[in-house]
Amino acid sequence: MKRGFLNGPKATARLRQGASNLQHNSSAVDPPNLRFPIGKVSKVDVPHTRSGGYTACATTYTTFPLVPNPDEPVTECIFFEGSKEILMQVPHFPQPMLQPAESAHRIGVAPGKGRGLFSTLALRTGELICSDRPLLIGPRGVPTSAPPNFTPDMLIQHSLNELEKCYEVGVNRMRPHDKSVFMALANCHTQDGSGPIVGIVRTNGLGIDELQTDKAPAKGRQYTTVSQYISLLNHSCSANTAPVFHLPSLSFRLYAVRDIPAGEELTFQYIDVLACAAARQRALKPYDLVCTCTACSDPTVSDRRRAAIEAIHPNAIMWAAVNRELPDDWLINQCLEQLALLIAEGLEHHQKYFHATKTIMEAYICLGDRVGASEWAGKLHKQRWADGYAVANTGALLLSESNAYEQHPLWRARVEPDANTSTRVLQTFAKFAGTANIKPLAGGSAMMLFPVGNSL
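Residues numbered from 1 in each chain as written. Predicted model: local features only at pLDDT ≥ 70, side-chain atom pairs only at ≥ 80, totals over all residues. Heavy atoms only, no water.

Here we look at the overall build of the protein
Piece 1. Within the protein one finds 14 helices and 17 strands.
Piece 2. Residue pairs in contact within the protein that sit at least 24 positions apart in sequence constitute 70% of those at least 6 positions apart.
Piece 3. Of the accessible surface of the protein, which amounts to about 20100 Å², a share of 55% is contributed by carbon and sulfur atoms. (Helix = DSSP H or I, 4+ residues; strand = E, 2+ residues; numbered from the N terminus. Contact = heavy atoms within 4.5 Å. Areas by Shrake-Rupley, 256 points an atom, 1.4 Å probe, with all protein chains shown as cover.)

Below is the structure:
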């Protein structure tokens, strides 16, 4: 498996991440966005000094579960202050890992990509493929100090060296088999100054947000994970799976985002897949790969479709409470058009697929159509991989006769806009926010209007 590293945005986008942003305490150069290099770089000699080094006291090493069951996967954790406490406050932590009734994946060789994961069964949309507890959870950067005469290149190499020391302690704590599995993972950062462990983390890391702490000085520091199976997922611009991190079990859950035949390679998106093909290829360079999927090799139609998907922003509140001159079927048709484009591009994993499905369900609720709403609640109920799935509370709406419909804040908002107190409040907010759904307020803050779930 060939993989690289994304010097990129948030882990909430579920994009592939390794270790990147550094935390520096340097008396000489303190770049605010110091980045690790990508590709071959000239060797940088860093003088050994007594004053410079990794601030080891800033992190804690621990293993979870503290007392594992026989053969239970464990995770070596390197935490900043406050993150361990987050875990210990989770009720009944660690909860058992959820596993499918029958093994649904295997490791195999993907031509031109190295190792990858493949389905062993025919999988249905929303089906759990596997749960995978990370081998390692560690910081994307560690606090370091350096002499004032260090150049920027020296600072970067110094930070890479210190991060290697930090990771080395965690990896050496692993059980022998786990360490062997970890060290066998791909490493495409062998010529940029990364040590062997940092290179593996940068190649295979997947970021998580759930353990970020509000405690100073650890506030905002991000974590990356390396796993036995999730880290083997190769990239596709039309991915067929989505991993979701489940904090109570300290594991990733890998879901099928559409029906997958037995034997098909399981894939995951590393980048923003709604970007045009040329932009996607540029974004994939840090991963040391060139994507040859259909959307990249013949992008004319695909680029047009993906641009159209990006341009549609359906909003049930605006349609129901404000833009009442639009036809009753306008919002549903707009979302159906977006869903058709998403399916044609193989983008069922994307958050826009979840949002369009949810908006159709909400549109039927606004129209007072229980049958239509329950049908789309069923479609939404399968999308366990999506951000917002838990709060969507679709289970209560699966039966058309459920009394949850009358309690929904959008119930009959399109046909009786003045009879529903919640609708009148939403209508007021919508007018205040305007067509952009955002209203700047005093002091630099702003009010934003989001589509609602099943409660306010």
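From this point on, the discussion continues.
Some words on the sheet that holds strand S7 (residues 128-132)
Piece 1. Spatial ordering of the open sheet is given by S7-S14-S13, a layout of three strands whose pairing is antiparallel. Since the sheet does not close on itself, it has two edges, and those belong to S7 and strand S13 (241-246), each with one partner. On average, each strand axis in the sheet is inclined to that of its neighbour by 20°, with strand direction left out of account.
Piece 2. The sheet contact formed by S7 and strand S14 (residues 251-256) spans four bridges and is antiparallel. Each residue of the ladder has a partner; that of Leu128, found in S14, is Tyr255. (Pairing = 2+ DSSP bridges. Axes fitted to C-alpha atoms, helices over the stretch in contact; angles between N-to-C directions.)

Digging into the sheet that holds strand S6 (residues 114-119)
Hydrogen bonds between backbone groups are what pair the strands of a sheet, and the pairing can be parallel or antiparallel.
Piece 1. Taken in spatial order, the four strands make up an open sheet running S5-S6-S15-S12, and their pairing is mixed. The open sheet has two free edges, formed respectively by strand S5 (105-110) and strand S12 (234-235), since each of these has just one partner strand.

Some points on the side chain of Asn234
Piece 1. When you line up the elements, Asn234 lands in strand S12.
Piece 2. A distance of 3.1 Å separates a polar atom in the side chain of Asn234 from the backbone oxygen of Arg115. (Polar contact = N/O pair within 3.5 Å; in protein donor to acceptor, adjacent residues only side chain to side chain.)

Brief notes about the packing of aromatic side chains
Piece 1. Under the definition given, this model contains seven aromatic pairs.
Piece 2. Residues Phe64 and Phe93 carry aromatic rings whose centres are separated by 5.3 Å and whose planes lie at 80° to one another, so their mutual orientation is edge-to-face. In this pair, Phe64 is assigned in strand S3 (residues 59-64) and Phe93 in the loop between helix H1 (83-88) and S5, connecting sequence segments 29 residues apart.
Piece 3. When the ring of Tyr270 is compared with that of Tyr287, the centres are 4.8 Å apart and the planes differ by 50°; the resulting orientation is tilted. Pair noted here: Tyr270 is in the loop between strand S15 (265-268) and helix H5 (277-284) and Tyr287 is in the loop between H5 and helix H6 (294-297), with a separation of 17 residues, a long-range link. Per residue, the accessibility class of Tyr270 equals that of Tyr287, and both read buried.
Piece 4. Counting every residue linked through ring pairs, the aromatic cluster contains Phe79, Phe80 and Tyr223.
Piece 5. Above the ring of Phe80, the side-chain terminus of Arg221 is found at 4.7 Å from the ring centroid. (Phe/Tyr/Trp six-rings, centres within 6.5 Å; stacked < 30°, edge-to-face > 60°. Buried < 20%, exposed > 50% of the residue type's maximum accessible area, 1.4 Å probe, protein only. Lys NZ or Arg CZ within 6 Å of the ring centre and 35° of its normal.)

Some details on helix H3 (residues 176-183)
Piece 1. Burial in H3 covers these residues: Asp178, Val181 and Phe182. The buried residues of H3 occupy one face: seen down the axis, they fall within an arc of 100°. Looking at H3, the residues exposed on the side facing more than 90 degrees away from the buried face are Pro176 and His177.
Piece 2. Buried residues along H3 sit in contact with strand S8 (136-139), helix H2 (152-172), helix H4 (196-204) and strand S11 (223-226). (Arc of directions from axis to C-beta.)

Some points on the state of the cysteines
Piece 1. Applying the stated criterion across every chain, the model contains zero disulfides.
Piece 2. Free cysteine: Cys296, not disulfide-bonded; nearest cysteine sulfur from Cys237 at 3.6 Å. (Disulfide = S-S within 2.5 Å.)

Some words on the confidence of the model for the protein
Piece 1. When pLDDT is averaged along the protein, the result is 85; 82% of the residues meet or exceed 70.
Piece 2. Confidence drops under a pLDDT of 50 for residues 19-33, and excluding neighbours within four residues, the segment shows 48 contacts in the predicted structure. (pLDDT = per-residue confidence, 0-100.)

Structural notes on the nonpolar core
Piece 1. Ranked by internal contacts, the top residues of the largest apolar core, which has 60 residues, are Phe79, Leu87, Ile137, Tyr167, Phe182 and Leu211.
Piece 2. Per element, the largest residue contribution to this core is six residues, and it comes from H2.
Piece 3. If we skip the residues at most four places from it in the chain, Phe79 touches Ala58, Thr59, Thr60, Thr62, Phe64, Lys84, Leu87, Ile137, Leu211 and Tyr223.
Piece 4. Listed in part, the 41 residues of the second largest apolar core include Val273, Ile317, Ala373 and Ala392. (Core = buried A, V, L, I, M, F, W, Y, C linked by side-chain atoms within 4.5 Å.)

Considering the pairing of strand S4 (residues 75-80)
Piece 1. Of all six residues making up S4, six are buried, and the element is well covered by its neighbours.
Piece 2. Residues Thr75, Cys77 and Phe79 of S4 are buried on one face, and the alternating residues Glu76, Ile78 and Phe80, pointing to the opposite face, are buried as well.
Piece 3. Pairing geometry for S4 and S8, over two bridges, is parallel. What sits directly across from Cys77, in S8, is Ile137.

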